[in-house]
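Next come the chains, spelled out residue by residue.
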Amino acid sequence: GLRDALVPRFLLIDRRHDSTANAMTSCTMTSPLATTRVAVADASARRRTRGSSAAKKISAKKNASSRRAVAPAAAPAAESATTSIDWEKLDAEFQDATTIAILDRALEIFGDTLAIAFSGAEDVALIQYASLTGRPFRVFSLDTGRLNPETYQLFDDVEKHFGIKIEFTFPDEDAVVELVNEKGMFSFYEDGHKECCGVRKVQPLRKKLKTLNAWVTGQRKDQSPGTRMAVPAVQIDPVFEGASGGAGSLVKFNPLTNATSQEVWDFLRVMGTPVNKLHEMGYVSIGCAPCTRAVLPGQQEREGRWWWEDGAMKECGLHSGNVSAEDKAKQDAREATEEDIFVDGSVRALDRAGIDALRGEDAHAKTTLAVLYAPWCPFCQAMEGGYESAAAALGAKGVDVVKFRADGDEKEWSKECLSLASFPTVLLFPEGRAGYVKLGSERRDPESLNIFVESVVGKL
């Protein structure tokens, strides 16, 4: 009933109205020209006429608008909007705006030169919000060829529910054949997901975005603290180019940036929006089938993606612009010079003789936490600050925190003697015992490392 009562130019409930009663008696009407407070005293009258011919005409008009979403009229001067608007100022204005207000403004500016990126997860909320603006809109999705059956079913459900056609993009066949024939179906478990995501997601996305002036994503700040805390509501895309080409030619909107997972799911439930059946099985962040799994209570939702890698590196390349320019420059310099890491003085360096002696002790004289690392490895670089912080805290509790560079000539020996499978590998040598315990997850932040140590040796 709520959806049928909504008219074009959707009446936006103002966030300042907290009570249900107040929200039902006043609202804020958003239009391109003005924001005007209006009464909604005729709500009951609309309900009484729901079955009338007038209501049917409104419903038919809205459905027709949705069906035309693939090819709506272009917004005036959309191509020049990227240079004529102060996007940082607009982002500041958006910090207190509703998701619908942000989407409405985006569609007003760009029209059919903007499209919503739909991954087949809870970002279906963007499509629901867009439908409530009363404006035509476009939706596209990346079919990597390795999605879950439940995701493909959701695509079909969404098309039927909203009366739209999703614009699907696919990876280049030759690139996929070359990758799989050379490295196998699951190479990402051995050398990281970036290459596979590059072929199956980033390249097709780049091609699609070259046909647009703006795009909309479902990124939120609370999804992955390691990479997504700097997600503006709107920005010049720092990674991809738009239809006109060159830097600054594409605008990126993130209308859900300040929303929480709870708020998104509350909205989906009350609107009866179709959702991915995988959510009922404990999946939160959903991508390709081999790289997605359910998460446990208390885990960050992005921990269900690429779980064998460091939590701070969980971007597929679509949103790599979340990493600051300063951090990217620092990483590039490290890879070029192979500058060492963990060098603040809190972590003691061991050579092979030192760690071999530790490994060979019948009973360790002191609890020791060790990281096997390569200074050029981005996952090792990502854990540097956290490991140094853990070293300072654990050192105060009597734990020796060390590092061993296990690349180059030491790699094969480390594989054989220290269970090295990938960088970084964290080992704990407990006091009074022989051997070591290997950290079994990608959680290497200070709190998790402390939990790991105390779970084995007891409270320190």
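Everything below is about the structure shown above.
What comes next concerns the included structure. The structure presented is a predicted model; accordingly, all values stated were derived computationally and were not measured.

## Considerations on helix H7 (residues 99–110)
Move 1: Its twelve residues place the ends of H7 17 Å apart at the C-alpha level, agreeing with the 16 Å of an ideal helix rising 1.5 Å per residue.
Move 2: Taking burial as the measure, the twelve residues of H7 include ten buried ones, the bulk of the element.
Move 3: Taken together, the buried positions of H7 are occupied by Thr 99, Ile 100, Ala 101, Ile 102, Leu 103, Asp 104, Ala 106, Leu 107, Ile 109 and Phe 110.
Move 4: Backbone geometry just after H7 places Gly 111 at a positive phi near 55°.

## Quick look at the side chain of Arg 200
Move 1: Positionally, Arg 200 belongs in helix H12 (residues 194–209).
Move 2: Of the side chains with opposite charge, Asp 143 lies nearest to the buried Arg 200, which makes no salt bridge, at 7.7 Å.
Move 3: A polar contact of 2.8 Å, which involves the side chain of Arg 200, links it to the backbone oxygen of Thr 144.
Move 4: In this view, Arg 200 contacts Thr 144, Gly 145, Arg 146, Pro 171, Val 176 and Val 180; residues no more than four positions away in its chain are not counted.

## Focus: helix H9 (residues 149–162)
Move 1: Counted at 1.5 Å a residue, the expected span for H9 with its 14 residues is 20 Å, and the 20 Å between its end C-alpha atoms agrees.
Move 2: Phi for Gly 163, located one or two positions after H9, is positive at around 65°.

## Some details on the sheet that holds strand S8 (residues 234–236)
Move 1: Taken together, six strands build an open sheet; the order of strands is S6-S5-S4-S7-S9-S8 and the sheet is mixed. If you trace the sheet from one side to the other, it starts and ends with strand S6 (167–169) and S8, each paired once. Along the sheet, successive strands turn relative to each other by an average axial angle of 25°, direction set aside.
Move 2: Pairing of strand S7 (residues 214–216) with strand S9 (residues 251–253) involves three bridges; the strand directions are parallel. Looking at the pairing, Ala 214 lines up with Val 251 of S9.
Move 3: Sheet strands touched by helix H6 (residues 87–94): S8 and S9. Its angle to S8, the strand with the most contacts, is close to 165°.

## Points about a nonpolar patch on the surface
Move 1: Taken together, Met 185, Phe 186 and Tyr 189 make up a surface patch of nonpolar side chains, about 290 Å² in accessible area.
Move 2: Mapped onto the elements of the fold, Tyr 189 is located in helix H11 (residues 188–191).

## Section: the packing of helix H10 (residues 173–183) against H12
Move 1: Between H10 and H12, the least distance of the axes is 10 Å, while the angle of their chain directions is 165°. Relative to H12, H10 is oriented roughly antiparallel. Between H10 and H12 lies a crossing of left-handed hand. Contact residues: H10 offers Ala 175, Val 176, Leu 179, Val 180 and Lys 183, while H12 offers Glu 195, Cys 196, Val 199, Arg 200 and Gln 203.
Move 2: Its residues placed into classes, the contact of H10 with H12 shows six nonpolar, one polar and three charged.

## Re the nonpolar core
Across soluble globular proteins, you tend to see nonpolar side chains buried next to one another.
Move 1: Judged by nonpolar contacts, the single largest core of 45 residues is most densely connected at Phe 118, Val 158 and Phe 253.
Move 2: Taken together, the elements giving at least two residues each to this core come down to H6, H7, strand S4 (114–117), helix H8 (124–132), H9, S7, S9 and helix H13 (261–271).

## A few points about the pattern of salt bridges
Move 1: Under the defined criterion, the tally for this structure stands at 17 salt bridges.
Move 2: For Lys 183, the salt bridge goes to Glu 195, with nearest N and O atoms at 2.6 Å. You can see Lys 183 sitting in helix H10 and its partner Glu 195 sitting in helix H12, a full twelve residues away along the chain.
Move 3: Among the ionic pairs, Arg 269 bridges to Asp 266, the shortest N-O distance being 3.6 Å. Here Asp 266 and Arg 269 lie together in helix H13, a separation of three residues that amounts to about one turn.
Move 4: Residue classification places Arg 269 among the exposed residues on the basis of a relative accessible area of 55%.
Move 5: Among the residues examined, Asp 266 registers a relative accessible area of 38% and is labelled partly exposed.

## So, the packing of aromatic side chains
The relation between two aromatic rings is expressed through the spacing of the ring centres and the mutual angle of the planes.
Move 1: Enumeration over the complete set of coordinates arrives at 16 aromatic pairs.
Move 2: Seen in terms of ring centroids, Phe 342 and Tyr 373 are 5.3 Å apart; in terms of plane orientation they differ by 85°. Their pairing is edge-to-face. Here Phe 342, found in the loop between helix H14 (325–337) and strand S10 (348–349), pairs with Tyr 373, found in strand S11 (residues 368–373); they are 31 residues apart in sequence, far enough to count as distant. Like Tyr 373, Phe 342 is buried.
Move 3: Clustering of aromatic rings is evident, with ring pairs tying together Phe 118, Tyr 152, Phe 155 and Phe 168.
Move 4: Above the ring of Phe 186, the side-chain terminus of Arg 146 is found at 4.9 Å from the ring centroid.

## Considerations on the packing of H7 against H8
Move 1: At their nearest, the axes of H7 and H8 sit 9 Å apart, and the two run at 70° to each other. One finds that H7 runs roughly perpendicular with respect to H8. Packed against H7, whose contacting residues are Thr 99, Ile 100 and Leu 103, the element H8 presents Leu 126, Tyr 129, Ala 130 and Leu 132 at the interface.
Move 2: Each residue belonging to the contact of H7 with H8 can be placed in one class, and the counts come to six nonpolar, one polar and no charged.

Definitions and cut-offs
Residues numbered from 1 in each chain as written. Predicted model: local features only at pLDDT ≥ 70, side-chain atom pairs only at ≥ 80, totals over all residues. Heavy atoms only, no water. Helix = DSSP H or I, 4+ residues; strand = E, 2+ residues; numbered from the N terminus. Expected span 1.5 Å × (residues − 1). Buried < 20%, exposed > 50% of the residue type's maximum accessible area, 1.4 Å probe, protein only. Lys, Arg positive; Asp, Glu negative; His and termini not counted. Salt bridge = Lys/Arg side-chain N within 4 Å of Asp/Glu carboxyl O. Polar contact = N/O pair within 3.5 Å; in protein donor to acceptor, adjacent residues only side chain to side chain. Contact = heavy atoms within 4.5 Å. Pairing = 2+ DSSP bridges. Axes fitted to C-alpha atoms, helices over the stretch in contact; angles between N-to-C directions. Patch = residues over 30% accessible without salt bridge, like charges linked within 9 Å, V, L, I, M, F, W, Y side chains within 5 Å. Areas by Shrake-Rupley, 256 points an atom, 1.4 Å probe, with all protein chains shown as cover. Parallel < 35°, antiparallel > 145°, perpendicular 65-115°, else oblique. Left-handed = near helix turned anticlockwise from the far one by under 90°. Nonpolar A, V, L, I, M, F, W, Y, C, P; charged D, E, K, R; others polar. Core = buried A, V, L, I, M, F, W, Y, C linked by side-chain atoms within 4.5 Å. Phe/Tyr/Trp six-rings, centres within 6.5 Å; stacked < 30°, edge-to-face > 60°. Lys NZ or Arg CZ within 6 Å of the ring centre and 35° of its normal.

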